[in-house]
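# Per-entry structural report
Chain residues, written in single-letter form:
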Amino acid sequence: MAAVCRAALRLAVHGRTYGSRLFREYSAGPSYQYILVERRGLNQNVGFIQLNRPKALNALCDGLMMEINEALDSFESDLQIGAIVITGNEKAFAAGADIKEMQDRTFQECYGGSFLSQWNRVSTVKKPVIAAVNGFALGGGCELAMMCDIIYAGDKAQFGQPEISLGTIPGAGGTQRLTRAVGKSLAMELVLTGDRITAKEAKEAGLVSKVYPVDKVVDEAIACGEKIAKNSKLIVSMAKEAVNGAFELSLSEGNRLEKRLFHSTFATDDRKEGMTAFVEKRKANFNDQ
């Protein structure tokens, strides 16, 4: 299975059919085996990554995660892209890590090879990342969603960390991010029982920000990305850094970080343009400088 899930072969074509839709490969670059990549939005300024292992419920194998990282790197360096959306299909965002790929791994292989360390790229992207979750977001799928900055859920989505039933524990941030999102009691219950929660319960607990009908959640996530992309990309990155600091720092240290970043905006052309546009009662024209 590991051999099957190696990084995808780079094909010579620039498009593929998925259902009735033709997906054009991003910037006419290499095609992928496990994901579909394109631009979305009226101004083509939202990067779009769709997990594409439908027969495996989008199980996260090494090859798929490597391809996500490659796509994220491309979007990160693209000056036109202001936000990124990651989604699956209506049945599964991702039903977990690929168990067949992990089944025969040894402690020495996991520890010596820093197994799953490459999964963290989603959480280090400077541009905002939005998860559009339909269906199952379990185990590694739930962890992948939590690495994103915003989670929108379809009303049939299910979230959970069922690793305990496999004789292991979450290994890609599940015990840490889930606890920060929903609190100790619910996180402990989910991790220790392997139970799932619905989209409605996830919103009530603070895990997701909004819930939409299944057929609307991807469009709403893209609309959110477009709204973000209208702002200065430089200032958006600063704001994201400040919010993320709240999870790593004490209140006083976080406030200091916020002040430094706030002061830093005064060294940018976009801060001056934004305030000038407000005073002049016109729309700001940001140039990301």
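Read on for an overview of the structure. (Residues numbered from 1 in each chain as written. Predicted model: local features only at pLDDT ≥ 70, side-chain atom pairs only at ≥ 80, totals over all residues. Heavy atoms only, no water.)

## Digging into the sheet that holds strand β4 (residues 46–51)
Across the sheet, six strands lie side by side as β3-β4-β5-β7-β9-β12; this open sheet has mixed pairing. What marks the edges here is a single partner per strand, and that holds for β3 (35–40) and β12 (210–212). The mean angle between the axes of side-by-side strands here comes to 20°, regardless of whether they run parallel or antiparallel. For β4 and strand β5 (residues 83–87), the ladder comprises five bridges, and the chain directions are parallel. In the sheet register, Gly-47 faces β5, and the bridge partner there is Ile-84. Here helix α1 (residues 62–77) sits on the sheet and contacts β3, β4 and β5; the angle it forms with β4, its principal contact strand, is near 175°. (Pairing = 2+ DSSP bridges. Helix = DSSP H or I, 4+ residues; strand = E, 2+ residues; numbered from the N terminus. Axes fitted to C-alpha atoms, helices over the stretch in contact; angles between N-to-C directions. Contact = heavy atoms within 4.5 Å.)

## Overview of the pairing of β4
Counting buried residues in β4 gives six out of six residues, a clear majority hidden from the surface. Sheet analysis places β3 next to β4, joined by six bridges and oriented antiparallel. Bridge assignment links Val-37 to a residue of β4, and that residue is Ile-49. Counting the residues that bridge the hairpin from β3 to β4 gives five residues, and of these Gly-41 lies at a positive phi of roughly 95°. With respect to chirality, the unit in which β4 leads through α1 into the neighbouring parallel β5 is right-handed. (Buried < 20%, exposed > 50% of the residue type's maximum accessible area, 1.4 Å probe, protein only. Right-handed = clockwise from strand over helix to strand, strands pointing away.)

## Examining a negative patch on the surface
On the surface, a cluster of negative charge is contributed by Glu-90, Asp-155, Asp-215 and Asp-219. Since its relative accessible area comes to 48%, Asp-219 is described here as partly exposed. (Patch = residues over 30% accessible without salt bridge, like charges linked within 9 Å, V, L, I, M, F, W, Y side chains within 5 Å. Areas by Shrake-Rupley, 256 points an atom, 1.4 Å probe, with all protein chains shown as cover. Salt bridge = Lys/Arg side-chain N within 4 Å of Asp/Glu carboxyl O. Lys, Arg positive; Asp, Glu negative; His and termini not counted. Charge placed at Lys NZ, Arg CZ, Asp CG, Glu CD.)

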